[in-house]
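# Observations on the three-dimensional arrangement
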Protein chains: 2
Amino acid sequence: MLITLHDTPAIQLHPADDVAIALTPLGSKRQIAIAGRSVQLRSDIGAGHKVALRPIEPGQPVRRYGQVIGFATQPIAAGEHVHTQNMAVGDMQLDYQIGVDVRPVTLVPPEERRTFLGYRRPDGRVGTRNTLVIITTVNCSAHVVRQIGARARAELLPKFPNVTDIVAIAHKSGCASRSSGYEIEMLRRTLAGFARSPNVADYLFVGLGCETNQFEDLFLSQRARLGDVQLPPYIGIQDTGGVAATIDEGLREIAARLPRANECRREEVPLSELNLALQCGGSDSFSGVTANPALGYAVDLLVAQGGTAVLSETPEIYGAEHMLTRRAASRAVGEKLLERVHWWEEYTAREGFEIDNNPSHGNKAGGLTTIYEKSLGAVAKGGSTPLQAVYEYAEPVTERGLVFMDTPGYDPVSATGQVAGGCNLIAFTTGRGSCFGFKPVPSIKIATNSVTYERMRGDMDINAGTILTGAGVESVGREIFEKLIAVASGEASLSEAQGIGEEEFNPWMIGATM
Amino acid sequence: MLITLHDTPAIQLHPADDVAIALTPLGSKRQIAIAGRSVQLRSDIGAGHKVALRPIEPGQPVRRYGQVIGFATQPIAAGEHVHTQNMAVGDMQLDYQIGVDVRPVTLVPPEERRTFLGYRRPDGRVGTRNTLVIITTVNCSAHVVRQIGARARAELLPKFPNVTDIVAIAHKSGCASRSSGYEIEMLRRTLAGFARSPNVADYLFVGLGCETNQFEDLFLSQRARLGDVQLPPYIGIQDTGGVAATIDEGLREIAARLPRANECRREEVPLSELNLALQCGGSDSFSGVTANPALGYAVDLLVAQGGTAVLSETPEIYGAEHMLTRRAASRAVGEKLLERVHWWEEYTAREGFEIDNNPSHGNKAGGLTTIYEKSLGAVAKGGSTPLQAVYEYAEPVTERGLVFMDTPGYDPVSATGQVAGGCNLIAFTTGRGSCFGFKPVPSIKIATNSVTYERMRGDMDINAGTILTGAGVESVGREIFEKLIAVASGEASLSEAQGIGEEEFNPWMIGATM
Ligand SMILES: [Ca+2]
Ligand SMILES: [Ca+2]
Ligand SMILES: [Ca+2]
Ligand SMILES: [Ca+2]
Ligand SMILES: [Ca+2]
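Residues numbered from 1 in each chain as written. Chains lettered and ligands numbered in written order. Predicted model: local features only at pLDDT ≥ 70, side-chain atom pairs only at ≥ 80, totals over all residues. Heavy atoms only, no water.

### Section: the overall build of chain A
Each helix and strand in chain A was counted, giving 16 helices and 23 strands. In terms of overall dimensions, chain A has a C-alpha envelope of 80 × 45 × 45 Å along the principal axes. Looking at chain A as a whole, 62% of its 514 residues qualify as buried. In chain A, of all internal contacts separated by at least 6 residues, the share reaching a separation of at least 24 is 71%. Just so you have it, chain A exposes about 17500 Å², and 50% of that area is on carbon and sulfur atoms. Separation between the mean location of the 48 positive side-chain charges and that of the 58 negative ones in chain A comes to 3 Å. (Helix = DSSP H or I, 4+ residues; strand = E, 2+ residues; numbered from the N terminus. Buried < 20%, exposed > 50% of the residue type's maximum accessible area, 1.4 Å probe, protein only. Contact = heavy atoms within 4.5 Å. Areas by Shrake-Rupley, 256 points an atom, 1.4 Å probe, with all protein chains shown as cover. Lys, Arg positive; Asp, Glu negative; His and termini not counted. Charge placed at Lys NZ, Arg CZ, Asp CG, Glu CD.)

The structure is reproduced here in structure tokens:
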């Protein structure tokens with residue numbers, strides 16, 4: 001990979017960090033200027049490895065991403081290589097300490113608060129898009145909702161300029177499962193979450209009729225969330241008389257909903273109404289150095305505005321849960337996170353899958369010293385503020401600030417849970433180059449390196465690879481923050497402009513397909 | 001449900017049966033004419049219940065669907081009600097007897113054999129359609145293959161009249177799994193099976209680039225099946241430079257394949273080249289009385305022609321595996337079936353799901369006496385010939401005659417395995433009214449009752465409900481058989497004519513999503 005490094009040999013990823021990361025192999029005689037000070041190197045430092053920015057006493061914490069990644073096991077001088085010979089995990093591995101690293105958030109003064117242009121719903125929720133969705137209860141109605149969606153976009157949507165899109169939400173499951181139990185409850189709250197997304201003005205469910213996932217049961221179990229409905233929320237193919245009749249009926253139902261949806265207008269709303277889903281996929285060795293810390297910086301800015309960011313992908317933060325509990329705002333929050341991690345341990349053991357991914361020989365050769373440091377590369381996109389809440393998959397997100405939702409690491413499944421939880425914007429970091437779109441919520445792609453950014457210019461919204469050539473984490477973080485506001489206010493992200501996002505809806509499936 | 005019964009009070013489902021099924025409640029004084037004989041009823045017989053057609057001695061087998069469903073526990077006179085008071089499962093429950101019920105197939109003499117108009121591939125396989133398919137390795141390329149498919153159908157297909165369709169084969173998985181293991185092997189052989197479906201003239205895989213399901217690994221593991229390729233079988237979004245460039249490149253790749261695909265012509269081929277997938281979904285209480293036995297009769301006709309039918313849906317035949325082993329052509333076939341059933345027992349126990357569905361109180365009130373009788377309602381669509389082979393999911397089907405493939409009961413997942421195994425036609429029985437289509441293989445829908453047939457006339461190809469008003473199982477079976485030949489030869493099934501079938505591809509997923 002060709003990266004031009006100019007004269008930025010190493011970077012500090014967070015102002016609180018005790019170490020900088022070498023971007024290129026550095027000789028021991030070298031003098032480097034970083035974070036406003038000059039450091040004389042005392043040993044050779046490999047690319048991706050850590051150099052101490054100040055003296056660290058034995059037993060003192062070592063911070064990267066603004067987070068503790070381990071403790072000095074010997075006196076470390078400024079300019080020294082920090083790795084397995086002088087740093088270790090210490091007691092953190094044994095202790096689930098809760099709340100000890102909480103640093104209170106300094107909110108931006110009210111008069112300096114930022115706004116965006118959003119769609120305020122009658123109940124106060126705020127969307128970044130104004131869509132209608134047609135949702136399947138079961139795979140058997142997927143063809144019908146796709147046809148209703150395609151025809152409604154072609155025949156009806158042009159007459160309603162304030163409606164931004166009509167989206168088919170189709171999935172593969174909904175039958176051959178148990179009629180009650182955790183797995184169908186999870187599907188029901190996922191589907192209800194899309195019906196009641198702040199980006200959705202109105203919705204229609206379409207089923208076959210004989211499926212296990214009966215709409216009536218879904219509606220009753222999700223009544224608190226689905227609220228009052230003005231028009232029948234469901235049509236069934238068997239009752240309506242087959243595929244052709246149901247497509248016609250669906251088009252009539254959508255036509256009946258469009259005038260009211262078209263009355264919504266963008267208005268200025270506080271940034272505290274942004275609910276940002278954090279994703280990474282196709283990671284590379286720069287993810288934890290460029291895009292994730294820069295996104296984390298933008299998240300800190302958003303949280304200071306009173307906004308919300310949802311960190312997820314439990315298998316990808318595994319091993320760093322001790323670090324997140326140290327930032328938990330309460331004992332209950334910390335314990336809920338640990339409970340979800342233990343669920344994953346039992347689940348993967350039952351399925352014969354491995355979840356324990358301690359730093360390998362290759363990881364260590366690349367400069368990662370502890371499992372905390374490794375998983376914090378993923379966690380870095382969550383920034384440094386306290387963890388305010390932990391949610392199960394697709395549960396409604398009600399707290400503000402940084403929160404966690406338990407999801408798989410698989411991007412479409414993870415984002416499905418986050419959007420079902422109420423997220424109205426997605427920020428997605430990628431090293432190898434994901435093209436992820438996710439209707440009805442815009443997805444902003446942040447490349448970790450300039451090679452991917454240049455090769456996929458039509459798909460990458462932000463180039464965090466500029467950090468490798470001196471742009472600075474804070475500068476790219478501010479660029480992401482401004483892009484979030486612009487896209488929330490109506491600017492099309494690149495995936496959105498290409499119409500990507502009707503294939504990625506992917507409810508988490510646990511349990512047997514019968 | 002309104003069914004006009006005319007003067008057909010009871011039916012014999014198979015010529016070998018010892019019992020008839022009452023279609024309406026019958027009083028004990030009634031004389032009924034059935035199967036060429038007159039029977040004086042000796043007790044009241046409820047609708048759906050069994051009446052003896054001839055005397056049965058204690059210990060003698062009782063047959064329905066031409067299959068043993070239990071043994072007389074007392075002397076049973078002609079005209080008597082046959083149920084729990086005089087019939088039980090006997091020793092079958094304990095014994096896995098193999099091959100004892102094999103009745104050799106009498107093949108139709110060569111000069112009387114039927115043919116259909118099919119597409120013969122260079123290696124001898126025969127298709128019923130002549131398509132190109134574009135297959136995803138991972139959900140991340142689903143949008144791209146859908147776009148390539150839609151644009152190729154609109155812009156290219158009209159110029160190639162002998163190519164019947166261009167189909168996007170998109171799925172939700174392909175990443176966040178283990179890079180080796182049974183679950184990804186199953187996905188790989190499923191995808192390879194679609195690439196090499198006899199209904200597919202040529203194929204193109206499209207991936208993202210960084211997915212777990214790497215095309216190179218797929219190709220190497222499936223090389224025996226994928227064979228020689230004339231054009232590059234794969235493009236990747238990351239290597240090609242993003243979404244827009246990959247759609248353009250994909251269209252060029254499809255354009256390059258179309259001329260050769262367009263050289264294929266239908267020709268007369270023996271019916272032994274038909275490989276029929278058997279499905280039922282949305283079953284009702286008539287499924288085991290009308291549509292399934294009629295389809296079973298058609299399957300017996302097909303097998304007598306040297307053709308193949310694939311029975312599946314293991315959870316739906318559970319409890320009747322002892323009955324199928326009695327028809328197993330060899331010890332190895334019988335033991336492989338039992339091995340798959342035991343796998344399901346362990347799998348569902350691990351997942352906390354129930355597979356044991358003995359006849360419930362409601363089943364017994366409806367006339368079902370034993371678990372064999374219940375599961376044989378589903379098995380009935382397989383007819384009465386010997387079981388020649390048992391396959392795992394998506395394995396290539398190589399034997400002729402009636403075979404079994406282990407799949408879930410969920411229709412789209414089951415049909416995906418069957419078509420991956422080489423099926424070139426689907427026969428689907430439905431009581432409640434499924435609209436199942438499945439590109440690139442035509443699907444014929446057989447309604448179990450006239451109410452569903454009339455209500456969904458645009459979706460139901462065959463009305464087996466006429467059996468309830470006197471049509472006769474054999475007569476409807478012959479109607480199905482002729483429809484199979486017509487659709488195989490190019491007549492559009494009703495789901496096909498409506499363009500249904502790009503949403504139902506659904507590879508079986510086992511194991512954790514990470
Ligand atoms: Ca991920
Ligand atoms: Ca992700
Ligand atoms: Ca079924
Ligand atoms: Ca089924
Ligand atoms: Ca089925």
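Now, onward.
### Here's the deal with the UniProt feature "domain: SAF" (unreviewed entry) in chain A
Within this structure's numbering, the places UniProt gives as "domain: SAF" (unreviewed entry) are residues 17-88 of chain A. Secondary structure content for residues 17-88 of chain A is 0% helix and 40% strand, and the end C-alpha separation is 16 Å. (UniProt positions renumbered as here; feature names shortened; annotations may be inferred.)

### Re the packing of helix 7 (residues 291-304) of chain B against helix 15 (residues 473-488) of chain B
Residues and elements named next belong to chain B. The geometry of helix 7 relative to helix 15 is characterised by a closest axis approach of 7 Å and an angle of 60° between their N-to-C directions. Considered as vectors, helix 7 and helix 15 are oriented oblique to each other. Crossing of helix 7 over helix 15 shows right-handed handedness. Along its contact with helix 7, which presents Pro293, Ala294, Leu295, Tyr297, Ala298, Leu301 and Leu302, the element helix 15 presents Val473, Glu474, Val476, Gly477, Arg478, Ile480 and Phe481. Here the residues of the contact of helix 7 with helix 15 are counted per class, giving 11 nonpolar, 1 polar and 2 charged. (Axes fitted to C-alpha atoms, helices over the stretch in contact; angles between N-to-C directions. Parallel < 35°, antiparallel > 145°, perpendicular 65-115°, else oblique. Left-handed = near helix turned anticlockwise from the far one by under 90°. Nonpolar A, V, L, I, M, F, W, Y, C, P; charged D, E, K, R; others polar.)

### Description of the packing of aromatic side chains
Scanning the entire structure with this criterion turns up 28 aromatic pairs over all chains. Judged by centre distance (5.0 Å) and plane angle (25°), the ring pair of Phe428 of chain B and Phe436 of chain B falls under stacked. Phe436 of chain B shares its class with Phe428 of chain B; the two are buried. One aromatic cluster is present, built from ring pairs that chain together Phe194, Phe428, Phe436, Phe438 and Phe505 of chain A. (Phe/Tyr/Trp six-rings, centres within 6.5 Å; stacked < 30°, edge-to-face > 60°.)

### Some words on the relation of the copies chain B and chain A
Superposing chain B onto chain A requires a rotation of 180° together with a translation of 0.0 Å along the rotation axis, leaving an RMSD of 0.0 Å. Within this description, the copies of the chain are treated as partners about a two-fold rotation axis. Closest approach to the rotation axis among the C-alpha atoms of chain B is made by Arg350 of chain B, whose C-alpha sits 3.7 Å away. A symmetric contact is evident, with 100% of the interface residues of chain B recurring at the interface of chain A. (Least-squares fit on C-alpha atoms with pLDDT ≥ 70 in both.)

### Section: helix 7 of chain B
All names here are of chain B. Given a rise of 1.5 Å per residue, 14 residues ought to cover 20 Å, and the 20 Å separating the end C-alpha atoms of helix 7 matches this to within 8%. Among the 14 residues in helix 7, 12 count as buried, and that is most of the element. Residues Ala291, Asn292, Pro293, Ala294, Leu295, Gly296, Ala298, Val299, Asp300, Leu302, Val303 and Ala304 constitute the buried set of helix 7. A positive backbone phi angle near 90° is found at Gly306, which sits one or two residues after helix 7. (Expected span 1.5 Å × (residues − 1).)

### Brief notes about the environment of Ile355 of chain A
Along the chain, Ile355 of chain A turns up in the loop between helix 10 (331-351) and helix 11 (361-365). With a relative accessible area of 11%, Ile355 of chain A lands in the buried category. Residue contacts for Ile355 of chain A: discarding those within four places in its chain leaves Pro315, Tyr318, Trp344 and Thr348 of chain A together with Met514 of chain B.

### Brief notes about the pairing of strand 17 (residues 275-280) of chain B
Residue and element names in this part refer to chain B. A large share of strand 17 lies buried, amounting to 6 of its 6 residues. Judged by which residues are buried, strand 17 turns out to be covered on both faces: Asn275, Ala277 and Gln279 on one side and Leu276, Leu278 and Cys280 on the other are all buried. In terms of strand pairing, strand 17 meets strand 18 (residues 308-311) through 3 bridges, oriented parallel. By the bridge assignment, Ala277 is partnered in strand 18 with Val310. With 5 bridges connecting them, strand 17 and strand 21 (residues 425-430) associate as parallel partners. When the bridges of strand 21 are listed, Ala277 appears paired with Ile426. (Pairing = 2+ DSSP bridges.)

### A short note on the coordination of the calcium ion (ligand 5)
All names here are of chain B. Within the protein, the atoms that donate to the calcium ion (ligand 5) are Gln279 (OE1), Cys280 (O), Glu313 (OE) and Asp411 (OD), at distances of 1.8 to 3.0 Å. Along the chain, the residues donating to the calcium ion (ligand 5) fall in the pattern Q-C-x32-E-x97-D. Between the calcium ion (ligand 5) and the calcium ion (ligand 3), a spacing of 5.7 Å is present. With Gln279 in strand 17 and Asp411 in helix 13 (residues 411-420), this residue pair connects regions lying 132 residues apart in the sequence. Judged by its relative accessible area of 0%, Gln279 is buried. Looking at Asp411, the relative accessible area reads 10%, which means it is buried. (Donors = N, O, S within 2.8 Å, 3.2 Å for Na, K, Ca; no water.)

### Digging into the sheet that holds strand 5 (residues 50-52) of chain A
All names here are of chain A. Pairing in this open sheet of 4 strands is antiparallel, and the strands run 1-2-5-8 from one edge to the other. Where the open sheet ends on each side, the last strands, each with one partner, are strand 1 (10-11) and strand 8 (81-82). Sheet analysis places strand 2 (residues 19-22) next to strand 5, joined by 3 bridges and oriented antiparallel. When the bridges of strand 5 are listed, Ile21 appears paired with Lys50.

### Let's talk about the domain arrangement of chain A
By domain assignment, chain A separates into domain 1 (10-88), domain 2 (131-263) and domain 3 (275-497). For domain 1 of chain A versus domain 2 of chain A, the separation of C-alpha centres amounts to 54 Å. (Domains from an automatic or database assignment.)

### Let's talk about the interface of chain B and chain A
Contact residues are listed per partner, giving 60 residues for chain B and 60 residues for chain A. Interface area for chain B against chain A, summed over the two sides, is near 4900 Å², with a carbon-plus-sulfur share of 57%. Taken together, chain B and chain A are joined by 4 salt bridges. Where chain B packs against chain A, one counts 28 residue pairs in polar contact (both at pLDDT 80 or more). Those elements giving two or more residues to the side of chain B that touches chain A turn out to be helix 1 (142-155), helix 2 (182-195), helix 5 (237-240), helix 6 (243-261), helix 10 (331-351) and helix 13 of chain B. For the side of chain B that touches chain A, the leading source of residues is helix 10 of chain B, giving 5 residues. Split by residue class, the side of chain B that touches chain A holds 27 nonpolar, 21 polar and 12 charged. (Buried area = accessible area lost by both parts, 1.4 Å probe. Salt bridge = Lys/Arg side-chain N within 4 Å of Asp/Glu carboxyl O. Polar contact = N/O pair within 3.5 Å; in protein donor to acceptor, adjacent residues only side chain to side chain.)

### Points about the pattern of salt bridges
Residues and elements named next belong to chain B. Applying the stated criterion across every chain, the model contains 67 salt bridges over all chains. Notably, a salt bridge pairs Glu183 with Arg178, separated by 2.9 Å at the nearest N-O pair. Here Arg178 falls in the partly exposed class, since its relative accessible area comes to 25%. A salt bridge links Arg340 to Glu339; its shortest N-O distance comes to 3.2 Å. Judged by relative accessible area, Glu339 falls into the partly exposed class, the value being 38%.

### Observations regarding the side chain of Thr308 of chain A
Along the polypeptide, Thr308 of chain A turns up in strand 18 (residues 308-311). Not counting residues up to four positions away in its chain, the partners in contact with Thr308 of chain A are Leu274, Asn275, Leu276, Leu302, Val397, Glu399, Arg400, Gly401 and Val403 of chain A.

### Structural notes on the state of the cysteines
Residue and element names in this part refer to chain B. Evaluated as defined, the whole model comprises 0 disulfides over all chains. Residue Cys175 stays outside any disulfide, its sulfur separated by 6.3 Å from that of Cys140, the closest cysteine. According to the relative accessible area criterion, Cys175 is partly exposed, its value standing at 24%. (Disulfide = S-S within 2.5 Å.)

### Side note on unusual backbone geometry
All names here are of chain A. Cis geometry is adopted by the peptide bond preceding Pro440, which originates at Lys439 and carries an omega value of 5°. Within the secondary structure layout, Pro440 lies in the loop between strand 21 (425-430) and strand 22 (443-447). In this structure, Tyr65 is a non-glycine residue whose phi angle is positive, near 60°. Within the secondary structure, Tyr65 sits in the loop between strand 6 (61-64) and strand 7 (67-72). Its relative accessible area of 6% is what places Tyr65 among the buried residues.

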